[in-house]
Amino acid sequence: GQQVMQIPQYQHVQEGEDFTTYCNSSTTLSNIQWYKQRPGGHPVFLIQLVKSGEVKKQKRLTFQFGEAKKNSSLHITATQTTDVGTYFCAGPSSGAGSYQLTFGKGTKLSVIP
Amino acid sequence: DVKVTQSSRYLVKRTGEKVFLECVQDMDHENMFWYRQDPGLGLRLIYFSYDVKMKEKGDIPEGYSVSREKKERFSLILESASTNQTSMYLCASSFSGYRGEQYFGPGTRLTVT
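Residues numbered from 1 in each chain as written. Chains lettered and ligands numbered in written order. Predicted model: local features only at pLDDT ≥ 70, side-chain atom pairs only at ≥ 80, totals over all residues. Heavy atoms only, no water.

A. Highlighting the overall build of chain A. In terms of regular secondary structure, chain A is built from zero helices and eleven strands. Going from the N terminus to the C terminus, chain A shows its helices and strands as β-β-β-β-β-β-β-β-β-β-β. For 113 residues, the compact-globule estimate of 2.2 N^0.38 gives 13 Å, and chain A sits close to it at 14 Å. Counting only C-alpha atoms and orienting by the principal axes, one finds that chain A spans roughly 45 × 30 × 20 Å. Counting all 113 residues of chain A, 47% fall into the buried class. The contacts in chain A between residues at least 6 apart in sequence include a share of 53% that link residues at least 24 apart. Carbon together with sulfur atoms contributes 51% to the accessible area of chain A, which is approximately 5400 Å² in total. (Helix = DSSP H or I, 4+ residues; strand = E, 2+ residues; numbered from the N terminus. Rg over C-alpha atoms; globule rule 2.2 N^0.38 Å. Buried < 20%, exposed > 50% of the residue type's maximum accessible area, 1.4 Å probe, protein only. Contact = heavy atoms within 4.5 Å. Areas by Shrake-Rupley, 256 points an atom, 1.4 Å probe, with all protein chains shown as cover.)

As structure tokens, this is what we get:
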């Protein structure tokens with residue numbers, strides 16, 4: 001079945017350093033979504049990318065969707081302690097309606113003050 | 001704001017008990033989902049529903065059943081709880097169709113002893 005893989009699984013950075021997580025799908029995606037889960041919290045939707053090669057920014061966060069629509073990345077510039085959490089990517093599951101998502105296992109970000 | 005609520009934040013049950021987890025959303029979403037989240041395994045889909053009285057198995061449906069009698073409510077049932085069902089259970093909802101971002105409830109931490 002469809003697989004969505006994320007690397008790295010864990011990342012520890014010094015506050016102020018940059019951070020990037022990568023997401024790869026085994027199949028072409030119609031769109032990709034990113035979620036953030038704070039420690040003790042639940043996943044919260046951040047953004048959706050739809051177009052091949054699309055780049056979107058939210059303040060210090062930059063999201064990219066690959067040209068082949070099989071990979072994506074999230075880059076955080078100058079991390080802050082508020083960025084701590086697990087970042088998940090998700091894409092529509094193949095063979096299902098557009099409503100079912102396959103999630104990556106997430107990248108857990110720790111920021112050392 | 002979309003609100004997804006779950007009946008309990010923490011629940012402790014004994015092996016063999018029948019357990020009901022309730023989820024309610026207030027945004028008239030067609031789709032509702034039940035996931036379990038375990039360290040290192042990410043979010044795994046148990047069941048989902050795309051309409052009242054409709055349900056589809058996810059990736060790990062064994063040992064679980066669901067009920068959706070009203071559009072806003074989706075229940076997860078553990079017919080006979082076992083210790084390997086100790087986990088965080090997350091409910092989510094979404095509109096059908098292309099946009100599809102999911103809104104999660106706060107989660108229920110279930111411990112089966």
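More follows now that the structure is in view.
B. Main features of the nonpolar core. If you look at the biggest cluster of nonpolar residues, it comprises 20 residues, and the most contacted ones within it are Trp34(B), Ile46(B), Leu76(B) and Tyr89(B). For this core, the elements supplying multiple residues, two or more each, are strand 3 (19-25), strand 4 (31-38), strand 5 (42-49), strand 7 (64-70), strand 8 (73-78), strand 9 (87-94) and strand 11 (108-112) of chain B. If you look at the next biggest cluster of nonpolar residues, it comprises 19 residues, including Phe19(A), Leu61(A), Leu74(A) and Cys89(A). (Core = buried A, V, L, I, M, F, W, Y, C linked by side-chain atoms within 4.5 Å.)

C. Spotlight on the sheet that holds strand 8 of chain B. Residue and element names in this part refer to chain B. Across the sheet, which stays open at both edges, the four strands sit in the order 1-3-8-7 with antiparallel pairing between neighbours. The open sheet is flanked by strand 1 (4-6) and strand 7, the only strands paired with a single partner. Each strand of the sheet is rotated relative to its neighbour by a mean of 20°, with strand direction disregarded. (Pairing = 2+ DSSP bridges. Axes fitted to C-alpha atoms, helices over the stretch in contact; angles between N-to-C directions.)

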